[in-house]
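Structural description and commentary
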Amino acid sequence: MRIDALLERLLGNAAWLVALIGAALTTVGTLLPWTYDRSILHDLTVYFYPAGAQVYTIILGGLALVYLLAQRGPLAGLLGVLFRGGSGPVRMAGIFATVVVWLTLIAIAAALGGMVNVDPGGFVSGAGALILLVGSRAMPVEETPELNGELHDIIEILIIAAVLGGLLLTAAYALNTDQAWIFVLVLIMVGGVAAILQKGGLLGWFTRMAGRHRRVTLLAAFVVAFLFPLTQGDSDANMSIATQILIFAATAIGLNIVVGLAGLLDLGYVAFLGSGAYVGAMLSASTFANIGWTPPFPLVLLIGALVAGFLGIIIGSPTLRVSGDYLAIVTLAFGEIFRLTVNNLDGTNGPDLTNGPNGIPAIPDLELFGFNFGDQHTIFGVTMGRFANYYFVLLILIAFVITVFARLNNSRIGRGWIAIREDERAAEAMGVNTFGLKLLAFAGGAMLAGLAGTIKAHHDVSVTPDQYVFLESAFLVAAIVLGGMGTVAGVLLGATILKLLPEKLRFFSEYRLLFFGAVLILMMRFRPEGLVASRRRQLEFHEEDEALAERVEDDVAEVTAR
Amino acid sequence: MDQFLQQLINGLSLGSLYALIAVGYTVVYGIIQLINFAHGEVFMIGAFGALTVHTVAFDEDMRSLWVLPVMVIGAMAASVGVVILMERFAYRPLRNAPRLAPLITAIGVSIFLQEAVRLFYGRIPGFDDAKRAIPFPQIEFVTGEPIAMGGVVIQRAAAFTIVALIFCTVLLWFFVNRTRTGRAMQATSQDPDTARLMGINVDRIIVIAFCVGAALAAIAGVAHGLRYTQIDFRMGFLAGLKAFTAAVLGGIGNIYGAVVGGLVLGLAEAMAIQYVPGQFGGTAWKDVWAFVLLILVLVFRPQGLLGARVVDRA
């Protein structure tokens, strides 16, 4: 921050101009070639129109230009309506543009052996991004404006549809690239655009608009998710990742009931997913299943949920006596007991139920109403493989899980949970049945995980004890913490990040756990409320923020009035 | 009777190991009410520190007794160094944050340390790949022929662990009760604010508490290496969980409680192997019994065996 003050003193009123020059150079540089080798990052050798990584740069540089021109100059009146926020968005643009451009240049240098292989365009953009960064840091800090306009309903709905459609196309584009560099750059660019729009108030405006048309937004999001397999062509690899994300996200949302709403830290939650999976496996037609009873799958689903819910009640019952860190340890111990137990029930150390460390392999594909999930089928001329079938079922599952979560969140029960999370003693004094609600949180969350588990068993083809270790529980908690506690969007985001990155970044897979540990530490240090924070949650971590407190109060008043 | 005595010795030596680690949980908790989830990794780092010193400074088959103190010092240096960095960069910034934050940070630290050892240890030339269990240097006097007494066989490493615990407990008692710093530590754990007013540098005391725990965990790391003849980067997780169980069993915050809790837990495991009937006995289920014990203690006597303070925290 001291550097910012120094820059501000040095540049003074010229800061805006410096930033403008930087933004212009960044944008212009993308129209020149960045290197001579066509094979790198989608052909960066062309003149007068941007390609590949240059597009990401032009988006960020262009946004910076728009925001700068909205402050001064002839276009200020026209652009000033929407693009407010002063230096905030420009600063974000500066940071992200610099990262994108220089990462691209480093990628070129790494692929061809040295910076000499970067053509002038790259340096123009690179220098421009740095000038933009310096100029924007010298501009005085302004608060994020609140944009409050309302448009005609139909226009608002069209905007929502367009934004979600754009997200679908971006996701499809990013997933289908086979180059890790491009994938990383797209991610940074998308993150940058989100950060810029957030600082400019547009993201908040969009969120409020989506909130006004909640049903439309949910429907549109669901349609987008439904269309996703159609963008993937015949690629089973991406569909496999997508199904894994959905299973993980459904489980994490179940856990979010326990951790996010009721504030009970559960570090053994993966045991519920595991129990569901083991029920699914043991009651399947696998030759290694020792029970010898294969009921129809809907019944298995029910049994899996009930068994997990029963375990949830057993695990939840000590919550009557212990709380806080101790509860975390108790649940951690339960998780370990589950793992050790399924590892030992192999016939020599106990009754032969789980086939011990080998687990239950060769679980056949699901068959529902005469449709075998291993079969391929064709929609609109696109061939859908095995994982697409599971994807659609899991989509229904996650829609169900989200509905349960949202319903509970807005109900009397949900408010009881939040009261317990905030202050258990006070909640009890106000007549909240704390013990019953805590048990319900454990049982409900566990049942959702059990449901996901029964499908996971068929999806994975086999279940083994080493899939259900403490690290998986830690990952689930991390998905919630990273994304934002108590929100659905946050958990979905967190789950996607945690499952997608390791799959897509093979070069990074060796280090991913190291980075994961570091990210947990840094997140707790700098943004403990998560990426998508509910306002109330945010307030808990920023108690001294008066403005935020007022906004939360307004929100509460709004909800009560409704 | 011989069987019982044998299990008694086994249990006591296992319990000594738990007790040495458990002290680390308890001293830190006693002062800042933080469960340092990453303490198991401090123990693991200790073992790797000792291994590193041995590999760097001595021949592979150097087995004389005087090497042992050097290894212990190396282990302590590694553990204490890591713990100081950990306190400074991970825990201190969060001292006034909501309770969940340091807990998540601790999980992060623990994963980070495990991975750091796994990734970088194998890369240093001359070392074994850390992905597998690494053989730990053996010291002739401590790991040689077991001592046979009547029908009972005592592994020398087991005896070493028990002796180390006795030695450390005496030192710890002296440090806590007879030195200025120790008494400042007691005062801080009673009431940090008043202690601060009395001119005690609370930040320094917290660091010292972390360091005391780390030093004992380092000794436990060496003892573990000598006892099981090999170490690996995952060994901290289960040991840390067990040691935490021991700390809770004895009453967390009470240093002597940690020692008692460790010994009780070790004995309980050893006896469960021998005396639980049918298929649920034997080594396969001993960890399960330890965790069942933890849950029972937390549910029915959350203040632990020696803890007098009523534990009531949200």
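Residues numbered from 1 in each chain as written. Chains lettered and ligands numbered in written order. Predicted model: local features only at pLDDT ≥ 70, side-chain atom pairs only at ≥ 80, totals over all residues. Heavy atoms only, no water.

Attention now goes to the overall build of chain A. Of the regular secondary structure elements, chain A holds 23 helices and four strands. Classification of the 562 residues of chain A by burial places 51% in the buried group. For chain A, contacts bridging at least 24 residues in sequence account for 74% of all contacts bridging at least 6. For chain A, the accessible area works out to roughly 24,700 Å², and carbon and sulfur atoms hold 66% of it. (Helix = DSSP H or I, 4+ residues; strand = E, 2+ residues; numbered from the N terminus. Buried < 20%, exposed > 50% of the residue type's maximum accessible area, 1.4 Å probe, protein only. Contact = heavy atoms within 4.5 Å. Areas by Shrake-Rupley, 256 points an atom, 1.4 Å probe, with all protein chains shown as cover.)

A count of helical and extended segments in chain B gives twelve helices and four strands. Its C-alpha atoms give chain B a radius of gyration of 19 Å, near enough to 20 Å, the size a compact globule of 314 residues would have. Its C-alpha atoms put chain B at 55 × 50 × 35 Å along the principal axes. Sorting the 314 residues of chain B into buried and exposed places 55% on the buried side. By sequence separation, contacts in chain B at least 24 residues apart represent 75% of the contacts at least 6 residues apart. As presented, chain B carries roughly 13,400 Å² of accessible surface, and 64% of it is formed by carbon and sulfur atoms. Averaged over its 22 positive side-chain charges, chain B has a centre that lies 9 Å from the centre of its 18 negative ones. (Rg over C-alpha atoms; globule rule 2.2 N^0.38 Å. Lys, Arg positive; Asp, Glu negative; His and termini not counted. Charge placed at Lys NZ, Arg CZ, Asp CG, Glu CD.)

Another aspect to go through is the packing of aromatic side chains. Using the criterion set out here, one finds seven aromatic pairs over all chains in the structure. Judged by centre distance (5.9 Å) and plane angle (75°), the ring pair of Tyr-391 of chain A and Phe-392 of chain A falls under edge-to-face. Each member of the pair, Tyr-391 of chain A as well as Phe-392 of chain A, is classed as buried. Seen from their ring centres, Tyr-25 of chain B and Phe-244 of chain B are 5.5 Å apart, and the 70° between their planes marks the pair as edge-to-face. Of this pair, Tyr-25 of chain B sits in helix H1 (residues 2–32) while Phe-244 of chain B sits in helix H10 (residues 235–250); the two residues are 219 residues apart in sequence, bridging distant segments of the chain. Exposure remark for Tyr-25 of chain B: the relative accessible area of 4% places this residue in the buried category. Phe-244 of chain B sits in the buried class, given a relative accessible area of 1%. Over the ring of Phe-248 of chain A we find Lys-499 of chain A, and its NZ or CZ is 5.1 Å from the ring centre. One Lys or Arg, Arg-88 of chain B, reaches over the ring of Phe-89 of chain B and ends 5.7 Å from the middle of that ring. (Phe/Tyr/Trp six-rings, centres within 6.5 Å; stacked < 30°, edge-to-face > 60°. Lys NZ or Arg CZ within 6 Å of the ring centre and 35° of its normal.)

Right, let's get into the interface of chain B and chain A. In this assembly, 50 residues from chain B lie in contact with 47 residues from chain A. In total, chain B and chain A occlude about 4,300 Å² of area from one another, counting both sides; carbon and sulfur atoms represent 75% of this. Run the count over chain B and chain A and you get zero salt bridges. Put simply, chain B and chain A have zero residue pairs in polar contact (both at pLDDT 80 or more) between them. Of all the elements in the fold, those that place two or more residues in the side of chain B that touches chain A are helix H4 (100–121), H10 and helix H12 (286–300) of chain B. (Buried area = accessible area lost by both parts, 1.4 Å probe. Salt bridge = Lys/Arg side-chain N within 4 Å of Asp/Glu carboxyl O. Polar contact = N/O pair within 3.5 Å; in protein donor to acceptor, adjacent residues only side chain to side chain.)

Residue and element names in this part refer to chain B. Within the fold, Cys-168 resides in helix H6 (residues 156–178). As for Cys-168 and Tyr-121, which are separated by 47 residues in sequence, their C-alpha atoms are 29 Å apart. Once you skip the residues sitting within four places of it in the chain, Cys-168 turns out to touch Leu-20, Leu-216 and Ile-219.

Moving on to unusual backbone geometry. Trans peptide bonds make up the majority, and among non-glycine residues the majority have a negative phi. Its identity is not glycine, yet Val-461 of chain A carries a phi of approximately 75°, on the positive side. Along the chain, Val-461 of chain A turns up in the loop between helix H18 (434–460) and helix H19 (470–483). Look at Thr-229 of chain B: it is not a glycine, yet its phi comes out positive at around 60°. Looking at where Thr-229 of chain B falls in the secondary structure, it is placed in the loop between helix H9 (202–228) and strand E4 (230–231). What makes Thr-229 of chain B partly exposed here is its relative accessible area of 39%.

This brings us to empty space enclosed by the protein. Residues and elements named next belong to chain B. This model, assessed by the stated rule, comprises three cavities of 30 Å³ or more. Its boundaries defined by the atoms lining it, the largest cavity holds a volume of some 120 Å³. The set of elements that each furnish at least two residues to the lining of the largest cavity consists of helix H2 (39–57), H4 and H10. Counting residues per element, the lining of the largest cavity draws most heavily on H10, which supplies five residues. Tallied by class, residues from the lining of the largest cavity come to nine nonpolar, four polar and one charged. (1 Å grid on protein atoms, 1.4 Å probe; cavity = no way out; pocket = protein on both sides within 12 Å on 5 of 7 lines; lining within 4 Å. Points joined across faces, edges and corners; volume = space filled by probe spheres on them. Nonpolar A, V, L, I, M, F, W, Y, C, P; charged D, E, K, R; others polar.)

On to the pattern of salt bridges, then. Residue and element names in this part refer to chain B. According to the stated counting rule, one finds 14 salt bridges over all chains in the structure shown. Between Glu-87 and Arg-92 there is a salt bridge, with the nearest N and O atoms lying 3.0 Å from each other. Assessed through its relative accessible area of 2%, Glu-87 is described here as buried. What you see here is one network of salt bridges that share partners, running through Glu-87, Arg-92, Arg-95 and Asp-203.

The next thing to look at is the UniProt feature "transmembrane region" (unreviewed entry) in chain B. All names here are of chain B. Feature annotation in UniProt places "transmembrane region" (unreviewed entry) on residues 12–32, 65–85, 100–121, 157–176, 205–223, 244–268 and 288–311, given in this structure's numbering. What you have in residues 65–85 is 90% helix and 0% strand, and the ends, taken at the C-alpha atoms, are 32 Å apart. Helix makes up 100% of residues 157–176 and strand makes up 0%, while its end C-alpha atoms are separated by 28 Å. (UniProt positions renumbered as here; feature names shortened; annotations may be inferred.)

Here the focus is the packing of helix H3 (residues 53–69) of chain A against helix H8 (residues 180–200) of chain A. Each pair of packed helices can be described by the angle between their axes along with the distance between the axes. Residues and elements named next belong to chain A. Where H3 contacts H8, the two axes come as close as 9 Å, and the packing angle between them is 10°. Our classification of the angle between H3 and H8 gives roughly parallel. On H8, the residues that touch Ala-53, Tyr-56, Ile-59, Leu-60, Leu-63 and Tyr-67 of H3 are Ile-182, Leu-185, Val-186, Met-189, Gly-192, Val-193, Ile-196, Leu-197 and Gly-200. Split into classes, the residues belonging to the contact of H3 with H8 amount to 13 nonpolar, two polar and no charged. (Axes fitted to C-alpha atoms, helices over the stretch in contact; angles between N-to-C directions. Parallel < 35°, antiparallel > 145°, perpendicular 65-115°, else oblique.)

This next bit is on the state of the cysteines. Residues and elements named next belong to chain B. Scanning the model with the defined rule gives zero disulfides over all chains in all. The structure places no disulfide on Cys-168, whose sulfur is separated from the nearest cysteine sulfur, that of Cys-211, by 15 Å. On the basis of relative accessible area, Cys-211 is assigned to the buried category, the value being 15%. (Disulfide = S-S within 2.5 Å.)

A word on a nonpolar patch on the surface. All names here are of chain A. On the surface, Ile-291, Trp-293, Leu-299, Leu-302, Leu-306, Leu-353 and Met-447 cluster together into a nonpolar patch covering about 620 Å² of accessible area. A total of three residues in the nonpolar patch trace back to one element, the largest contributor, which is helix H13 (residues 297–316). Tracing the backbone through its elements, the reader meets Ile-291 in the loop between helix H12 (270–282) and H13. Residue classification places Ile-291 among the partly exposed residues on the basis of a relative accessible area of 42%. (Patch = residues over 30% accessible without salt bridge, like charges linked within 9 Å, V, L, I, M, F, W, Y side chains within 5 Å.)

Looking now at the confidence of the model for chain B. When pLDDT is low, close inspection of the predicted coordinates is not appropriate. Residue and element names in this part refer to chain B. For chain B, per-residue confidence averages 86 on the pLDDT scale, and residues scoring 70 or more make up 94% of the total. Counting contacts from residues 310–314, a segment whose pLDDT is below 50, to residues more than four positions away or on other chains yields 14 contacts. Two summary scores accompany this predicted model of the complex, namely pTM at 0.84 and ipTM at 0.86. (pLDDT = per-residue confidence, 0-100.)

This next bit is on the nonpolar core. Within the largest apolar cluster, 266 residues are counted, with the highest numbers of intra-cluster contacts made by Leu-68, Leu-267, Trp-417 and Val-463 of chain A together with Leu-226 of chain B. Setting aside anything within four residues of it in sequence, one finds Leu-226 of chain B in contact with Leu-68, Phe-136, Pro-137, Gln-138, Ile-139, Val-142, Thr-143, Ala-157 and Phe-160 of chain B. (Core = buried A, V, L, I, M, F, W, Y, C linked by side-chain atoms within 4.5 Å.)

On to the side chain of Thr-251 of chain A, then. In this fold, Thr-251 of chain A is placed in helix H11 (residues 236–261). Residue contacts for Thr-251 of chain A: discarding those within four places in its chain leaves Tyr-269, Leu-273, Ala-449, Ala-452 and Leu-476 of chain A.

Now for the environment of Ala-243 of chain B. Examined against the element boundaries, Ala-243 of chain B turns out to sit in helix H10. Considered as a pair, Ala-243 of chain B and Ile-35 of chain B are 208 residues apart in the sequence and their alpha carbons are 12 Å apart.

Turning our attention to H4 of chain B. With 22 residues, H4 of chain B should cover 32 Å at 1.5 Å per step; its first-to-last C-alpha distance of 31 Å lies within 8% of that length. Where burial is concerned, most of H4 of chain B is hidden: 20 out of the 22 residues are buried. (Expected span 1.5 Å × (residues − 1).)

The next thing to look at is the packing of helix H14 (residues 325–344) of chain A against H12 of chain B. Two elements in contact, H14 of chain A and H12 of chain B, have axes separated by 9 Å at closest approach and are oriented at 155°. Here H14 of chain A lies roughly antiparallel to H12 of chain B, going by the angle between them. Considering the relative orientation of H14 of chain A and H12 of chain B, their crossing is left-handed. For the pair H14 of chain A and H12 of chain B, the contacting residues are Tyr-326, Ile-329, Val-330, Ala-333, Phe-334, Glu-336, Ile-337 and Leu-340 of chain A in the first and Asp-287, Val-288, Phe-291, Val-292, Leu-294, Ile-295 and Leu-298 of chain B in the second. Among the residues making up the contact of H14 of chain A with H12 of chain B, the classes are represented as 13 nonpolar, no polar and two charged. (Left-handed = near helix turned anticlockwise from the far one by under 90°.)

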